[in-house]
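What follows is each chain in one-letter form.
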Amino acid sequence: MKKIVNTVAVVDYGMGNLRSVAQAVLHAAADSGVNVIITAEPAQVRAASRVVLPGQGAMPDCMRELRASGLLEPVLEAAASKPLFGVCVGMQMLLDHSAEGPAGVGTPGLGVIGGEVVRFDLAGRTQADGSRYKVPQMGWNQVFATQPRHALWSGVPDGSWFYFVHSFYARPSDARHTAGEADYGGRFTAAVARDNIFATQFHPEKSAAQGLALYRNFLHWNP
Amino acid sequence: MLAKRIIPCLDVTGGRVVKGVNFVELRDAGDPVEIAARYNDQGADELTFLDITATSDDRDLILPIIEAVASQVFIPLTVGGGVRTVEDVRRLLNAGADKTSFNSAAIANPQVIRDASARYGSQCIVVAIDAKRRFGADLLDRGEGWDVYSHGGRKNTGLDAVAWARQMAEFGAGEILLTSMDRDGTKAGFDLELTRAVSDAVDVPVIASGGVGTLDDLADGIQQGHADAVLAASIFHYGEYTVAQAKARMAERGITVRI
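Every value quoted in this text rests on a predicted model; they were computed, and no experiment measured them. Residue numbers here run from 1 along each chain, matching the order of that chain's written sequence. Here every chain gets a letter starting at A, and every ligand a number starting at 1, in the order they are written. Local features in this predicted model are restricted to residues of pLDDT 70 or higher, and side-chain atom pairs are both shown and tallied only at a pLDDT of 80 or more, whereas totals for entire chains, interfaces and linings draw on every residue. No hydrogens and no water enter the side-chain calculation; it runs on all heavy atoms of the structure.

1. Brief notes about the interface of chain B and chain A
And then number 1: Contact definition: two residues touch when any of their heavy atoms are within 4.5 Å. In this complex, chain B contributes 43 residues to the contact, which on the side of chain A involves 35 residues.
And then number 2: Two parts lose some accessible area (1.4 Å probe) when they are put together, and adding that loss for both gives the buried area. Carbon and sulfur atoms make up 53% of the surface buried where chain B meets chain A, a total of about 3,100 Å² over both sides.
And then number 3: Among the residues of chain B in contact with chain A, B:Met1, B:Leu2 and B:Phe74 are the three that bury the most area, contributing 28% of the side total.
And then number 4: The term salt bridge refers to a pairing of a side-chain nitrogen on Lys or Arg with a carboxyl oxygen on Asp or Glu at a separation within 4 Å. Across the chain B-chain A interface, the total number found is three salt bridges.
And then number 5: Measuring nitrogen to oxygen at the nearest pair gives 2.6 Å for the salt bridge that ties B:Asp203 to A:Arg132.
And then number 6: For the purposes of these results, a polar contact is taken to be a pair of N or O atoms within 3.5 Å, where, inside protein, one atom must be able to donate a hydrogen and its partner to accept one; residues adjacent in sequence count only when each atom of the pair is a side-chain atom. At the junction of chain B and chain A, the tally comes to 19 residue pairs in polar contact (both at pLDDT 80 or more).
And then number 7: Among the residues making up the side of chain B that touches chain A, the classes are represented as 20 nonpolar, ten polar and 13 charged. Here the nonpolar group is Ala, Val, Leu, Ile, Met, Phe, Trp, Tyr, Cys and Pro; Asp, Glu, Lys and Arg are the charged ones; every other residue, Gly included, is treated as polar.

2. Details of the packing of helix α1 (residues 32-42) of chain B against helix α2 (residues 62-70) of chain B
Packed helices, taken two at a time, are described by the angle their axes make and the gap between the axes.
All names here are of chain B.
And then number 1: Each axis is a line fitted through C-alpha atoms, taken for helices only over the stretch in contact, and angles between the N-to-C directions span 0 to 180 degrees. Counting from the N terminus, the helices are DSSP H or I runs at least four residues long and the strands are E runs at least two residues long. Two numbers describe how α1 lies on α2: the axes approach to 9 Å, and their chain directions differ by 45°. The angle between the axes of α1 and α2 places the two elements in the oblique class. Once α1 is placed against α2, the crossing between them reads as right-handed. Across the interface between the two elements, Pro32, Val33 and Ala36 from α1 touch Ile65, Ala68 and Val69 from α2.
And then number 2: Across the contact of α1 with α2, the residue classes break down as six nonpolar, no polar and no charged. Working rule for angles: under 35 degrees goes down as roughly parallel, over 145 as roughly antiparallel, 65 to 115 as roughly perpendicular, anything else as oblique. Each crossing gets its hand from how the near helix is turned against the far one by less than a right angle, where anticlockwise is left-handed and clockwise is right-handed.

3. Details of the packing of α2(B) against helix α3 (residues 86-95) of chain B
All names here are of chain B.
And then number 1: It is at 8 Å that the axes of α2 and α3 come closest, and there the two elements cross at 35°. In contact with Ile62, Leu63, Ile66, Glu67 and Ala70 of α2, α3 contributes Arg91, Leu92 and Ala95.
And then number 2: In the contact of α2 with α3, the residues fall into six nonpolar, no polar and two charged.

4. A closer look at the UniProt feature "active site" (unreviewed entry) in chain A
All names here are of chain A.
And then number 1: UniProt positions are given in the numbering used here, feature names are shortened, and annotations may be inferred rather than shown by experiment. When the UniProt feature table is mapped onto this chain numbering, "active site" (unreviewed entry) sits at Cys88, His203 and Glu205. Annotated residues spanning 118 residues; largest pairwise C-alpha distance 10.9 Å, indicating a single compact cluster. The subset of these annotated residues that lines the largest cavity comprises His203 and Glu205.
And then number 2: Considering the arrangement of structural elements, one finds Cys88 in the loop between β4 (84-87) and α5 (89-92). For each structure, a 1 Å grid was placed over the protein atoms alone; sets of points admitting a 1.4 Å probe that cannot get out are labelled cavities, open sets with protein on both sides within 12 Å along at least five of seven lines are labelled pockets, and lining residues have an atom within 4 Å of a point.

5. Digging into the pairing of strand β5 (residues 77-80) of chain B
Residues and elements named next belong to chain B.
And then number 1: Neither face of β5 is open: one carries Leu77 and Val79, the other Thr78 and Gly80, and all of them are buried.
And then number 2: Sheet topology note: the strand β4 (residues 47-51)/β5 ladder contains four bridges and is parallel. The residue of β5 that forms the bridge with Leu50 is Gly80.
And then number 3: The parallel pair β4 and β5 is bridged by α2, and the resulting crossover is right-handed.
And then number 4: For two strands to count as paired, DSSP must find a minimum of two bridges between them. Sheet topology note: the β5/strand β6 (residues 99-102) ladder contains three bridges and is parallel. If you follow Val79 over to β6, its bridge partner there is Thr100. Each residue gets one of three labels from its accessible area relative to the maximum for its type: buried under 20%, exposed over 50%, partly exposed in between, using a 1.4 Å probe on protein chains only. Seen with its strands pointing away from the viewer, a crossover is right-handed when the path leading from the first strand over the helix to the second is clockwise.

6. Concerning the nonpolar core
And then number 1: Take the buried residues of types Ala, Val, Leu, Ile, Met, Phe, Trp, Tyr and Cys, join any two whose side-chain atoms come within 4.5 Å, and each joined set is a nonpolar core. Judged by nonpolar contacts, the single largest core of 82 residues is most densely connected at B:Phe49, B:Phe102, B:Ile113, B:Ile176 and B:Leu218.
And then number 2: If we skip the residues at most four places from it in the chain, B:Phe49 touches B:Leu10, B:Val12, B:Ile62, B:Ile65, B:Ile66, B:Val69, B:Leu77, B:Thr78, B:Val79 and B:Gly80.

7. Details of unusual backbone geometry
And then number 1: With an omega of 10°, the peptide bond running from A:Val135 to A:Pro136 counts as cis.
And then number 2: With respect to the helices and strands, A:Pro136 occurs in the loop between β7 (113-119) and β8 (137-145).
And then number 3: In this structure, A:Pro148 follows A:Gln147 across a cis peptide bond, with omega equal to -5°.
And then number 4: The topology assignment puts A:Pro148 in the loop between β8 and β9 (160-166).
And then number 5: Phi at B:Lys187 takes a positive value of approximately 60°, unusual for a residue other than glycine.
And then number 6: On the secondary structure map, B:Lys187 appears in the loop between β10 (175-180) and α8 (192-201).
And then number 7: Judged by its relative accessible area of 38%, B:Lys187 is partly exposed.
And then number 8: Even without being glycine, B:His226 reaches a positive phi, approximately 60°.
And then number 9: On the basis of relative accessible area, B:His226 is assigned to the partly exposed category, the value being 29%.

8. A closer look at empty space enclosed by the protein
And then number 1: Grid points are joined across faces, edges and corners, and a volume is the space filled by probe spheres set on the points. Summed over all chains, the structure comprises five cavities of 30 Å³ or more.
And then number 2: If you go around the largest cavity, the residues you meet are A:Gln56, A:Tyr163, A:Val165, A:His203, A:Glu205, A:Lys206, B:Asp98, B:Lys99 and B:Gln123.
And then number 3: Here the residues of the lining of the largest cavity are counted per class, giving two nonpolar, three polar and four charged.
And then number 4: Space inside the second largest cavity adds up to approximately 60 Å³.
And then number 5: Around the second largest cavity, the lining residues are A:Gln127, A:Lys134, A:Pro136, A:Gln137, A:Met138, A:Tyr184, B:Leu2, B:Ala3, B:Lys4, B:Arg5, B:Pro205 and B:Asp228.

9. Concerning the packing of aromatic side chains
And then number 1: Put simply, two rings from Phe, Tyr or Trp (the six-membered ring, in Trp's case) pair if the centres are within 6.5 Å, and we call them stacked under 30 degrees between planes, edge-to-face over 60, tilted for the rest. Under the defined criterion, the tally for this structure stands at 17 aromatic pairs over all chains.
And then number 2: Relative to A:Phe218, the ring of A:Phe85 lies with its centre 5.3 Å away and its plane at 85°, an arrangement referred to as edge-to-face. Taken together, the residues A:Phe85 in strand β4 and A:Phe218 in helix α6 (residues 208-219) connect sequence positions 133 residues apart. Across the pair, A:Phe218 and A:Phe85 agree in class, each one buried.
And then number 3: It is B:Arg114 that lies over the ring of B:Phe171; its NZ or CZ is 3.9 Å from the centre.
And then number 4: Consider the ring centre and the ring normal. A charge sits over the ring if Lys NZ or Arg CZ is within 6 Å of that centre and within 35 degrees of that normal. Sitting over the ring of B:Tyr120, B:Arg119 keeps its end group 4.9 Å from the ring centre.

Structure below.
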């Protein structure tokens, strides 16, 4: 009997700290029989049974590099056909459009999840403890699952802390595509999901045990 | 709500984590992965590795340490000390660092902050500022305030610390690591006036450093200094306090922390 190999491809399109995502996925996959590859090869992304799309830095640069690397098409195919996990700008790129980029123009995204990516507008506002809101939001914030609770939150208690570093956040046009929320000057979407797609604004790879739990759930997720 | 962060700082030289008393009598402090894992277990929000190697020849020895820690400990890692170029940033990020901290190199060539943040994003570019209260002729000439020192605190640049922090944030620094040279090593607490002046002047997060002797000093840095994070070395290294105790004290003082 032919064994079906569960392979997860971490997409390497030359942006940001891909290594830490790969390290955490590898760690989460240890002893699970899941094969983790880090690849810049479109064919390998197509052949993988699931895909992780990291992203760090500015959205215009990430979109440009994704296109230039020839990986945009295989990522779109993955979004239409198999479990896909987007991280940070890898999440933001899934939306229709981001305000990040040339003033008044922004940057078009992949349009896989309807909605916009907008900037935190918190200038001059203070938090409950009297301290000023800073942008980027940098640090640990609590994430609460929206209802119905997504399968990837399994074993992750509501209000768990995750590590965020970002100035922009997603605003899905369909509220059902928000899978988790956090509060920074008001509730904002910390995770999006639709069908076979799950993506987080925070960095599971930098969020200690709860982050690894999320990746572990993804490796065995069958949407 | 966003938690205020506690960041233990580890000194690295010759490829090992060391601890010393006032920069002398450096002793091997143990395996970097074990130390990092211990702080992680205690609830540290990030770790900062400071390369205190005096010569550039040995500088690359920090890379295997970062690689080893990054493969086992999944919280943000910052590396500072001897970071000079965009290429240094690339190598450290590739080794598994999440942020890199510039100090003297940013003073010698501020453009490097623009270049590095444009290439890798502000989120991974920290500017460390060593500040000292003006005294003597400088105080008489320019009034009260703090000057920025470079080269490990040996050289007064004549730059005003608050203005410099503002400029670095404009240039793309995603975070300011602010050390009071007057307080560093004294255990008398942060220079709260300095911390507040810088923190209120910039829109990016500020990490307070230098002078922590008690757990209440950490809380003061947040509440009175308006810092977004607090960094400490000796109180954690010598086992006086654990990170968990520090967080418990901060929580008692009404500060949001990740526990």
